[in-house]
Amino acid sequence: MASGIIMSNRTLAINDRVYDYLISASVQESEVLIRLREETAKEPLANMQIAPEQGQFMALLVELLDVRRAIEIGTFTGYSALRIAMSMPEDGYLICCDNSRAWSAVARRYFAEAGLADRIDLRVAAALDTLNDLLKQGQAGTFDFAFIDADKENYENYYERCLKLMRPGGLIAVDNTLWGGSVADPDNQEPDTLAIRRFNEKLYKDDRISLSLVPIGDGLTLARKRHKNS
Ligand code: CA
């Protein structure tokens with residue numbers, strides 16, 4: 001990896017004041033999204049919900065790519081799924097994977113309130129099983145977009161399956177790839193940190209994709225599946 005590069009034009013260190021400004025100057029949320037975000041903020045695991053500016057960024061990516069078929073791994077209470085689904089056309093199709101019945105029930109309630117339940121196929125099961133089923137059904141190469149945000153030790157497994165499921169030019173977005181900054185601390189040998197570090201190293205060397213690690217939220221890696229000859 002490139003190392004030892006500290007440049008004056010590096011990404012801005014965002015303090016609370018700048019962050020508040022960024023939110024107030026750019027984040028636009030529908031009433032349903034605000035309610036879902038506020039309800040989820042009361043959950044003990046509320047920090048599993050993506051930041052609103054990240055949700056809006058992903059929604060823009062979905063628009064740019066004209067995403068019609070998408071996969072989400074790790075839906076939690078549904079905020080990111082709603083952002084994705086809202087940016088898809090009426091015939092859009094989003095498969096959501098989560099293994100929690102309780103969180104999925106919250107997500108389903110909000111999908112219905114947003115009028116998007118018919119666009120979202122939420123499968124309460126182990127995500128690897130769902131992805132393997134899709135591959136067995138011959139759906140490789142048929143998806144435009146994937147968002148991976150589940151157990152970190154399976155990131156490589158999710159990524160490999162998603163890469164097969166993407167069409168050439170399709171985009172995989174992967175959450176938490178800066179992991180609170182712990183990936184940059186060599187003394188941090190926690191299993192999740194090791195898994196994300198290993199995952200980042202793998203993608204850095206992967207010539208099947210074009211790569212960018214965007215420092216939004218907790219780090220969002222974008223991996224676009226290359227066309228064969230590019
Ligand atoms: Ca996350």
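In short, a report on the structure.

The next point concerns the overall build of the protein. Per the secondary structure count, the protein includes eight helices and seven strands. For 230 residues, the compact-globule estimate of 2.2 N^0.38 gives 17 Å, and the protein sits close to it at 17 Å. In terms of principal-axis extent, the alpha carbons of the protein reach across some 50 × 45 × 35 Å. Expressed as a percentage of its 230 residues, the buried residues of the protein come to 46%. Long-range contacts, defined here as pairs at least 24 residues apart, represent 70% of the contacts in the protein between residues at least 6 apart. Carbon and sulfur atoms provide 51% of the accessible area of the protein, an area that totals close to 12,000 Å².

So, on to the coordination of the calcium ion. Coordination of the calcium ion by the protein comes from Asp149 (OD), Asp149 (OD), Asp175 (OD) and Asn176 (OD1), over a distance range of 2.3 to 2.8 Å. For the calcium ion, the donor residues sit on a single chain with the sequence spacing D-x25-D-N. Of this pair, aspartate 149 sits in the loop between β4 (143-148) and α7 (155-165) while asparagine 176 sits in the loop between β5 (166-175) and α8 (191-204), placing them 27 residues apart in sequence.

Taken as a whole, this structure holds 13 salt bridges when the rule is applied. Here arginine 208 makes a salt bridge to glutamate 160, at a shortest N to O gap of 2.8 Å. In this pair, arginine 208 sits in the loop between α8 and β6 (209-214) while glutamate 160 sits in helix α7, placing the two residues 48 residues apart along the sequence. Overall, arginine 208 belongs to the partly exposed group, its relative accessible area being 38%.

Inspection of the sheet shows strand β2 (residues 93-98) paired to strand β3 (residues 120-124) by five bridges, in the parallel sense. Counterpart to leucine 94 in the pairing with β3 is isoleucine 120. You can see the chain leave β2, run along helix α5 (residues 101-113) and come back into β3, and the turn it takes is right-handed.

Next up on the list: helix α3 (residues 52-64). End to end, α3 covers 18 Å across 13 residues, agreeing with the expected 18 Å (1.5 Å per residue, within 8%). Those residues of α3 not exposed but buried are Pro52, Glu53, Gln54, Gly55, Gln56, Met58, Ala59, Leu61 and Val62. Where the residues of α3 are buried, they touch α1 (16-26), α2 (31-40), α4 (79-86), β4, β5 and β7 (220-225).

The rules behind each value
Each chain carries its own residue numbering, running from 1 in the written order of its sequence. This being a predicted model, a pLDDT of at least 70 is required before a residue's local features are given, and a value of 80 or more before pairs of side-chain atoms are given or counted; all residues contribute to the totals for chains, interfaces and linings. As a convention, hydrogens and water are excluded, and side-chain values are obtained from all of the structure's heavy atoms. Per the convention used, a helix needs a DSSP run of H or I reaching at least four residues, while a strand needs a run of E reaching at least two, with both numbered from the N terminus. Atoms considered for the radius of gyration are the C-alpha atoms alone. The globule rule reads 2.2 Å times the number of residues to the power 0.38. We call a residue buried when its accessible area falls under 20% of the maximum for its residue type, exposed when it is over 50%, and partly exposed in between, using a 1.4 Å probe and counting protein chains only. We call two residues in contact when some of their heavy atoms are within 4.5 Å. Each accessible area is a Shrake-Rupley estimate made with a 1.4 Å probe; only the visible protein chains count as cover when residues are assessed. Atoms of type N, O and S within 2.8 Å of a metal are treated as its donors, and for Na, K and Ca the window is 3.2 Å; water is not considered, so some sites may appear to be missing partners. Note on definitions: salt bridges are taken to be side-chain nitrogens of Lys or Arg within 4 Å of carboxyl oxygens of Asp or Glu. Following DSSP output, two strands are said to pair if at least two bridges run between them. Orient the strands so they point away from the viewer; a crossover is then right-handed if the path from the first strand over the helix to the second runs clockwise. In this analysis, the expected span of each helix is defined as 1.5 Å times one less than the number of residues it contains.

None of this, on its own, says anything about what the molecule does.
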